[in-house]
Amino acid sequence: MNTSSQTLRAQSSPVLLLAQLLADRPDLPAVTYHIDSIVPGELAIHVHHGRFAEFEEWRVVLGLSDLEVRTYGQSTWVDVAGVVRDVNVRLTGHGTADEVAAYMAGMSAVAA
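Model, not experiment: these values are computed from the prediction. (Residues numbered from 1 in each chain as written. Predicted model: local features only at pLDDT ≥ 70, side-chain atom pairs only at ≥ 80, totals over all residues. Heavy atoms only, no water.)

Turning our attention to the sheet that holds strand β5 (residues 87-95). Taken in spatial order, the five strands make up an open sheet running β1-β2-β5-β4-β3, and their pairing is mixed. The open sheet terminates on both sides in strands that have one partner only, identified here as β1 (32-34) and β3 (68-72). In this sheet, neighbouring strand axes are inclined to one another by 25° on average, regardless of whether the strands run parallel or antiparallel. As defined by bridge partners, strand β4 (residues 75-84) adjoins β5 across nine bridges and the pair is classed as antiparallel. Its bridge partner lying in β5, valine 78 is registered against glycine 93. In the packing of helix α3 (residues 97-111) onto the sheet, the strands contacted are β3, β4 and β5, and the crossing angle to β4 comes to about 45°. (Pairing = 2+ DSSP bridges. Helix = DSSP H or I, 4+ residues; strand = E, 2+ residues; numbered from the N terminus. Axes fitted to C-alpha atoms, helices over the stretch in contact; angles between N-to-C directions. Contact = heavy atoms within 4.5 Å.)

Put into structure tokens, the structure is as follows:
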């Protein structure tokens, strides 16, 4: 018996987005996904270990722009968010400060 105020149905939009991506782009690199019960309509995607080529592939497929570099203590990451097929998506690329700086420098060179 479900005693919470939400059901799995509240998470259907991000789950369906992932299913559609699997159907359309099964060649995308495997990453970490998170769909939370607190904000059930949101999809968080994480690329770890400085794999910024994979991060970039996901960013392009999702059509996300406006990258932000974030740091907290010794952790540095690149963050981008947007709406994809009516789902709030946050894509995060984790790496060392040097890896993030190199990725951002490459992005600046492409934009120039």
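Moving on, there is more to tell.
Of note, histidine 94 is situated in strand β5. In this structure, the C-alpha to C-alpha distance between histidine 94 and valine 78, residues 16 residues apart in sequence, is 6.6 Å. When residues no more than four places from it in sequence are discounted, the contact partners of histidine 94 are His46, Val47, His48, His49, Gly50, Phe52, Thr76 and Trp77.

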